[in-house]
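Secondary and tertiary structure notes
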Amino acid sequence: MRQVTVTADIDNGEAGFSTTPVVLDQYLTPFQVTYVLSAGATGTVKVTTTDPYPVVNQDFVAANFVWVEPTEAYPNGVGFLGQPYRAIYLEGATEGDTLTVIQSGDK
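My aim in this report is to walk through the structure given alongside it, one point at a time. Position numbers for residues count from 1 along each chain, tracking the sequence in the order it is written. Whole-chain, interface and lining totals are the exception, using all residues; otherwise, since this is a predicted model, local features are given only for residues with pLDDT of at least 70 and side-chain atom pairs are given and counted only at 80 or more. Just so you know, side-chain values use all the structure's heavy atoms and leave hydrogens and water out.

1. Considerations on the overall build of the protein
Put simply, the test is: Each helix is a run of H or I in the DSSP string that is no shorter than four residues. Each strand is a run of E no shorter than two, and both are numbered from the N terminus. When we talk radius of gyration, it's over C-alpha atoms, and the globule rule is simply 2.2 Å times the number of residues to the 0.38. A 1.4 Å probe rolled over the protein chains alone gives each residue an accessible area, and that area as a share of the maximum for its type sets the label: buried under 20%, exposed over 50%, partly exposed in between. Note on areas: Shrake-Rupley, 1.4 Å probe, and residue coverage restricted to the protein chains presented here. Charge assignment in this entry is limited to Lys and Arg as positive and Asp and Glu as negative, and neither His nor the chain termini are counted. Charge coordinates come from a single atom per side chain, which is NZ of Lys, CZ of Arg, CG of Asp or CD of Glu.
A count of helical and extended segments in the protein gives zero helices and eleven strands. Expected size for 107 residues packed as a compact globule is a radius of gyration near 13 Å; at 14 Å, the protein falls within 12% of this value. Oriented by its inertia axes, the alpha-carbon framework of the protein measures out at about 40 × 30 × 25 Å. Looking at the 107 residues of the protein, the share that counts as buried comes to 36%. Carbon and sulfur atoms make up 51% of the accessible area of the protein, which totals about 6,300 Å². One way to put it: in the protein the 4 positive side-chain charges average out to a point 11 Å from where the 12 negative ones average out.

Below, the structure is given as structure tokens:
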């Protein structure tokens, strides 16, 4: 996957701003994702194992994401995910904070 950078621009009211989720490829092996927050960024990186493209009766339906903090989370720095997740995003950030995601591995 090419490097993806998303900006916190979705207003969640008192909860701050969040980014659009970045979908990850769970089938790459080994599963390796590096993520970096912009300098001075606030907020919390969240991940999910929820299918971002669920299908019911052969139709795509809206995903009902269950977000958790990864055990490998590092505040305001570089993080690494070594176990398969389906998506990642930044929550509770300041407007304009960025999350950069790089995934590597072989199919």
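The rest of the description comes next.
2. A short note on the side chain of threonine 19
Selection rule: Two residues form a contact once any of their heavy atoms are found within 4.5 Å.
Structurally, threonine 19 can be placed in the loop between strand 3 (17-18) and strand 4 (22-23). Taking relative accessible area as the criterion, threonine 19 reaches 1% and is therefore assigned buried. Non-local contacts of threonine 19, meaning those with residues more than four positions away in its chain, are made with Val6, Thr7, Ala8, Ile10, Tyr89 and Leu90.

3. Describing the sheet that holds strand 11 (residues 98-106)
This is how it is decided: One requirement defines pairing of two strands: DSSP has to find at least two bridges between them. Angles run from 0 to 180 degrees between N-to-C directions of axes, and those axes are lines fitted to C-alpha atoms, restricted for helices to the stretch in contact.
Across the sheet, which stays open at both edges, the four strands sit in the order 1-11-5-9 with antiparallel pairing between neighbours. The open sheet is flanked by strand 1 (4-7) and strand 9 (78-81), the only strands paired with a single partner. Mean inter-strand twist for the sheet, computed between neighbouring axes without regard to direction, equals 20°. Of the strand pairs in this sheet, strand 5 (residues 29-37) and strand 9 are connected by four bridges, and their pairing is antiparallel. Pairing of valine 36 across the sheet is with valine 78, part of strand 9.

4. Thoughts on the pattern of salt bridges
So the rule is basically this: By salt bridge we mean one thing: a side-chain nitrogen of Lys or Arg within 4 Å of a carboxyl oxygen of Asp or Glu.
Enumeration over the complete set of coordinates arrives at two salt bridges. Among the salt bridges present, the one from glutamate 91 reaches lysine 46, with a minimum N-O distance of 3.2 Å. Of the two residues, glutamate 91 is situated in strand 10 (residues 87-91) and lysine 46 in strand 6 (residues 44-48); the sequence distance between them amounts to 45 residues. A salt bridge links aspartate 51 to arginine 86; its shortest N-O distance comes to 3.2 Å. Of the two residues, aspartate 51 sits in the loop between strand 6 and strand 7 (55-56) while arginine 86 sits in the loop between strand 9 and strand 10, which places them 35 residues apart along the sequence. Looking at arginine 86, the relative accessible area reads 18%, which means it is buried.

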